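Analysis of the macromolecular model
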Amino acid sequence: MSTSEPEASPADTAVQPSPETTPLVEEARVGVSDRARRANLAVLALSRAARSFLLYDPANDAIRRFIEDLRTRMTQALAGGDALRFEVRPFELALDGEVVYLERDREHSLAFRMYRDGVRRLTISGAADWDEMLRLLEILSIRYTGVRQYEDDIVTLLWKAGFKHIEIEAVEGFVPEDEEEDAQARRARAGAVSAPDDWDLPLRPLGAAAPLVWTDVAEEARQTLCAEEASHFLAANAAQAATALIERAAEGSEAIGVAEVLPFIAEVRDFLLAEGQLEQLTTLVRILQMNVLLDVARIEPLMLTFADRRALTQILHSTPKSMDTPPPELVELLDLLPADRLVRLVDALSAERGEAARRVARQLVERYAGDDPEYLVSRLHTAEASVTCDLLRALSGALPDRGVEVAADLIQHPDASVVSEAMRRLEAAPAQPRVARALLRLLDSPHDEMRLQVLEILSNHYGAVVFEPLVRSTERRAPAGFPIEEAELIGRTLARLSPSAALAVFKGWARPKGLMGRFVESRGHSLLAWVAVAGLGGLAEEEAETTIRETANRADAELRRHCMATLARRRREGVSRG
Amino acid sequence: MDDIAVAQAQLGKAINRARAGEDRALAGRVRDEGERLVKLLYGALGMAKLHALTNRAFDQPIADITRALGVLLDLLGAVHLLAVEEQVYMNDIRIRLEGGDIGDDFGKKLREHGIGGLSFHGPLTETQFRGLVAILAREPDPAARAGLQAALREAGIDSLDLAGIHHFRLAGEAGGHTAVDAATMSERGAALLDEVFENLAGSRQPNPLPTRRLVTGLLDAGAATQWVVVEPEDVSPYAAHNLRVCNLVLLLGNALGLTPGVLQDLGVAAMFHDAGYALCSASPEQQIEGERAFDLHPLLAVRVLLRQRGFHEAKIRRVMTALDHHRRYDDSRGVPSLFGRIVAIAEDYDTLTQPRSGGLSPRRALSLMAAAAGGVYDPVLLPLFVNLMGAYPRQTRVRLSDGRVGRVVSLPRAKESFARPVVRVERLADGRTAPDETDVDLAWEAGLRIESVFDEGASTSIEPDLATLKVVNEARRAAARVGANRAMPASLSQVPPPATAPRTTLPSAAAKPLSEGALPGVLRDLYLGNKSGTLHLRRQAKHLSLLIWEGNALHASSTAPEDHLGAVAVREGLMSQTDLDRANEAPAGQGKRLGFVLREMGIMDDAQVGDALTVHAREVILKALSWTEGSYSFEEHALSPELIANPPLRLSTPDLILEAVRRLTDPDVVRYHLGDVDRVARLSAHPRVKAMSVGLAPLDGYTLSRIDGQTTLRELMRLVPGERLAVMQSLFGLLCVGLIELLPPASSPRRSGQPG
């Protein structure tokens, strides 16, 4: 059984393999002494952590657990203070001759990776601290990547790290069998081409000589220079390199042209995107734009990739959680790249899950909604519910009227969240007949909350124009019934919409319609009476109070209580004119 | 965030940086396509045993192989397929060849041909792939790899290189890179640099890893704190330059305080900074030369470097170094990158001190550069560099207060030893050669000091002779083409000596007393002996030196101000004092030869400068010829062409000798140097004499006509008409130039009846 973790897709956070040691098939043969066993666990933890970056996103919780496990195991292995001196064999690591790691699968074997890079001994001193361990982990993790570069191997990476408490001994990894023949073949090739006879001439002119004296160079001055190559300046340096090359190509140098420079620009772009370096990205796009005429066919498509879906997804993904508004550099970037930006933004928004990122994306969609509102509308109707909500908000923010129209259409949407969002848009919108119609239609919604919300909106934003429709709607729906809360809200709403008309309606609802009506529509009538009482409670006329009392006298116990409560509320609120 | 979260974030950032420009699936795609390529190739090799390559059965497999290679080249830039024991690797990715022993068999097939792998640097057409399969499928060539490479070339397959058979180096096997000494490291480094240059000229993709290994090797050997480069013999100037520049930048970078990783990148950047010249020389039909090459090479280097795919911090640094290494610190476009500024210092120092391009003394070069801090060079880096090199930089030739002469071999070890270096004594005070590696550490020798520095003063820069450089380099290339180990032609008379030929011998003769009239004979011996080296003449504080090349005087110099070129030229009426003052004061001319400055300023043209140089040299030599006391010594050494003045002097040693003899006005002196006048004179049969061109006076011609191999000098002095002194001068002159020689007394045939 292999020691490998179960394969998982990088973005799949659902798979959470336990960092606990999976029993090795050969564990029984690996590590006999306590020390060896501890070393075995430590090495397994190191190997697992290093390979985990191939499988998981670095931010994944699984990575965290692997790192924690590594710290624990390594601390235990180094607890005695003795150094761990590993002999590196093709598939094994041995500690004082005892095998403490064995993995024959070349793809997974940490030992094999190190061996073929030429590492023959790895010594971790008892004084090695966590920082050094992390750097070792970083090196072993990085060594699994970087396919195209041929830039580093484990030996050169370990050298770069400048470890104080970790040492390696290394030889060339795999080597020619006949080094002399190999060297001869190389020598035979070399020398056929040589530098021009006068390379690096003419000499640059220099002035008069100065005496040679010792100068004390301040530490601060040295550090200032060293800082120019600090890791955190890499983005700026990369952008500077890219800019310099574009400018050279623009100067028309015969040595380098746009075709050679643009692939490099693309690499720098990817790096800046990975680092979330918006300012540098924007600078680069500006430079490209200034020089687009050099080769429009190549440069324009490249420029677009700075804010295509992939790029925007990366930018949004790196948005800090605390960010409320789009970064100015991102806005500038999009302003520089107008083509299809709305499409890209909508795509990016659709792909994004993070709250802050969605927020930023939505605001950007709102900003550029005017580019093509109808495109936005078309996406609204086809997107998934949460995206639809965001797009509706964005559209409403940019083009309120159009947003209201779309919201009015969307209130028939099968998804409650969409309807709710549409309702919010409508609530915020000024009163319009179309909206009113749409709202009234919503009174037939099966969702109680929806209907209540509609009634609130009608009550707060509309007037007598919706009175009659509301009356009809109420009468139509009463036989099927609706909650008491809704009945009371209808009553209050009607009273507010048109007090004078409401009194007449309420009186009609409160009094039974003849003997037959009393029996045939008792259920609906009872509800209408309830509505009426609730509404009458808000009317100032004495007739309203009279009607309430009369209704109470005829009503069943429940309705009577409602009437009495309404009367009491009237008195409390001073509604009566009497 | 807790510390684990911080670690996770940092690791994530590092991993993302390492992956920048590469999607996560890249390795998988490479593995898949690589497996496809290997299996197809393996299958085609098997099929080739059964069918001719023209069989249509190969159509689809060859098309598939061609496509697979194209995909891989798109992904990787260059495809390196290597079979190591039973494993197959493609650009460091192990190819899984599940099922059967394909990997092992494939490796065996390659090994039959003496190869271990194939490196594709460009796409192959289907026809070329058929050719490749045919070549690999046939019986191995007895010449193995070389034969195979030749067959590929014949088949028009130029973008494919063959790798040797590799194996995993076992633990305990010799050859660990940390165990290699500096000399071996330098030799390997030089070979690698030449190979890299060749590859880049051949449109190959740069492969930084071997260079990085070299740099770490140099660093392990101590290159950050001491001089470790040992220039191998017969190394190309380009490789030597890059090795030296690398050592210099590592010294400077370490002094600055760069971290190990950054230092390593700096070393690699230094190795590639002049890579642009590979493109200048790539095509014999379209060589880029001269100023155009100089102007273009930084960007050409960038073009080469950008062939490497994938983003990497080190690549950015290399690109900026290539772009910036000739830019001034105060460039109006902005301050160059740090690496560019560091390499600029190292490169210029090396270039100034190399004979090929200036030949300034290290001390002089450093002094000129020191004055340019803040303008040309970084104002912090340059002083740091001066501190590193010291008041007497390595290779400065000095005379100690006790008369010994030597060369500085150390860098300052501390501030206190800035002006008190270690000197390797070359010559003792009495002129004898010092025992090997006699070092004097002036930091510990309070009673000793450096009294003077050689090669300082007016003669501080030497113009490169580009024509000679061209000849030398062509000879080197020709030697390489015939597979010689870059050996130079046997006869130096065919081709001037190599540009970088070191002084292989110390002064070969002890100083001898210089008596009146002795010098012509010395010059004759040097001329007829075809000697090359430096003839030193000393009288009290004055020191004259004559540069002799194959017996001819090329250049003369003197420490006496009145004997300098300018003074002589004014004295001889070849230029005015005003012009001389202008030339001496011109800032642009500081540190350069006067002849060069005069030409540059338009004061003289080439011909006039040639005349002035000739007159100057003649005056100096004749002055020396007139000395009646002093000493001389001849330091034989191979002459670097760069030391040849430009334009060449129109001086004939025979003419000089004759003129010198004619200036001997004391008849007793002339008589003394004729020696036994009863010896018979005969015409010389020396081959050099036959081709000699010398301006003979009429008397000389008549004297020559009376030489018959039987007449003695005494008889000739009677026979030749003219004043006795003039006749003696003529005879002495002819003897000195070697046109006549005297037979030993016993062998002189006597005419009957002639007095003894």
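Further up the page is the structure itself.
Residues numbered from 1 in each chain as written. Chains lettered and ligands numbered in written order. Predicted model: local features only at pLDDT ≥ 70, side-chain atom pairs only at ≥ 80, totals over all residues. Heavy atoms only, no water.

Looking only at helices and strands, chain A features 28 helices and six strands. Across chain A, contacts joining residues at least 24 apart in sequence account for 68% of those joining residues at least 6 apart. Carbon and sulfur atoms provide 52% of the accessible area of chain A, an area that totals close to 25200 Å². (Helix = DSSP H or I, 4+ residues; strand = E, 2+ residues; numbered from the N terminus. Contact = heavy atoms within 4.5 Å. Areas by Shrake-Rupley, 256 points an atom, 1.4 Å probe, with all protein chains shown as cover.)

Residue and element names in this part refer to chain A. Between the first and last C-alpha of helix α27 (residues 542–554) there are 19 Å, a value that for 13 residues agrees with the 18 Å anticipated at 1.5 Å per step. If you check which residues of α27 are buried, you get A544, E545, T547, I548, T551 and A552. Each buried residue of α27 lies within a common arc of 160° when the element is viewed along its axis, so the set occupies one face. Turned more than 90 degrees away from the buried face of α27, the exposed residues are E542 and N553. (Expected span 1.5 Å × (residues − 1). Buried < 20%, exposed > 50% of the residue type's maximum accessible area, 1.4 Å probe, protein only. Arc of directions from axis to C-beta.)

Another point: the interface of chain B and chain A. Across the boundary between the two partners, chain B contributes 155 residues, which contact 111 residues of chain A. In total, chain B and chain A occlude about 12800 Å² of area from one another, counting both sides; carbon and sulfur atoms represent 58% of this. We note a salt bridge from B:R341 to A:E228, for which the minimum N-O separation is 2.9 Å. Summed over the shared surface of chain B and chain A, the number is 29 residue pairs in polar contact (both at pLDDT 80 or more). The dominant element in the side of chain B that touches chain A, judged by the number of residues it contributes, is helix α1 (residues 3–19) of chain B, at 14 residues. Looking at the side of chain B that touches chain A, its residues break down into 73 nonpolar, 38 polar and 44 charged. (Buried area = accessible area lost by both parts, 1.4 Å probe. Salt bridge = Lys/Arg side-chain N within 4 Å of Asp/Glu carboxyl O. Polar contact = N/O pair within 3.5 Å; in protein donor to acceptor, adjacent residues only side chain to side chain. Nonpolar A, V, L, I, M, F, W, Y, C, P; charged D, E, K, R; others polar.)

Another point: the sheet that holds strand β11 (residues 450–453) of chain B. Two orientations exist for strands paired in a sheet by backbone hydrogen bonds: parallel and antiparallel. Residue and element names in this part refer to chain B. One open sheet accounts for five strands, arranged β10-β9-β8-β7-β11; its pairing is antiparallel. Strands with a single pairing partner mark the edges of an open sheet, and in this sheet they are β10 (433–441) and β11. Averaged over all adjacent pairs, the angle separating strand axes in this sheet is 35°, with direction ignored. Where strand β7 (residues 397–400) meets β11, three bridges bridge the pair, whose relative direction is antiparallel. Across the sheet, L400 pairs through a bridge with I450, a residue of β11. (Pairing = 2+ DSSP bridges. Axes fitted to C-alpha atoms, helices over the stretch in contact; angles between N-to-C directions.)

This paragraph deals with the sheet that holds strand β15 (residues 552–558) of chain B. Residues and elements named next belong to chain B. Read across the open sheet, the five strands follow the order β12-β16-β13-β14-β15; overall the sheet is antiparallel. Strand pairing shows two members of the sheet lacking a second neighbour, β12 (512–513) and β15, which therefore form its edges. Two strands pair when backbone bridges link them, and strand β14 (residues 542–549) and β15 are joined in this way by six bridges, in the antiparallel orientation. Counted as the bridge partner of L544 is S558 from β15. Packing against the sheet, helix α18 (residues 518–528) makes contact with β13 (533–539), β14, β15 and β16 (631–636), and its axis sits at approximately 170° to β13.

The next point concerns the pattern of salt bridges. Inspection of the entire model under this criterion finds 75 salt bridges over all chains. Measuring nitrogen to oxygen at the nearest pair gives 4.0 Å for the salt bridge that ties A:R121 to A:E169. In this pair, A:R121 is assigned in strand β4 (residues 119–124) and A:E169 in strand β5 (residues 166–170), connecting sequence segments 48 residues apart. For A:E169, a relative accessible area of 47% corresponds to the partly exposed category. A cluster of three or more residues bridged by salt bridges with shared partners is formed by A:E151, A:D152, A:K160, A:E229, B:R212, B:D265, B:E313, B:R317 and B:R318.

This part takes up the packing of aromatic side chains. Aromatic ring pairs: the centre-centre distance and the angle between the two ring planes describe each pair. If you walk through the whole model with that rule in mind, you get nine aromatic pairs over all chains. Arranged with centres 4.1 Å apart and planes meeting at 10°, the rings of A:F271 and B:F311 form a pair that is stacked. Of this pair, A:F271 sits in helix α9 (residues 258–275) while B:F311 is found in the loop between α12 (290–305) and α13 (313–324), placing the two residues in two different chains. Look at B:F311 and you get buried, because its relative accessible area is 2%. Centroid distance B:F197 to B:Y238: 4.4 Å. Interplanar angle 55°. Geometry classified as tilted. Here B:F197, found in helix α7 (residues 182–201), pairs with B:Y238, found in helix α9 (residues 237–256); they are 41 residues apart in sequence, far enough to count as distant. The burial state of B:F197 is the same as that of B:Y238; both residues are buried. One aromatic cluster in this structure is built from A:W199, B:F197 and B:Y238. Above the ring of A:Y115, the side-chain terminus of A:R120 is found at 3.6 Å from the ring centroid. (Phe/Tyr/Trp six-rings, centres within 6.5 Å; stacked < 30°, edge-to-face > 60°. Lys NZ or Arg CZ within 6 Å of the ring centre and 35° of its normal.)

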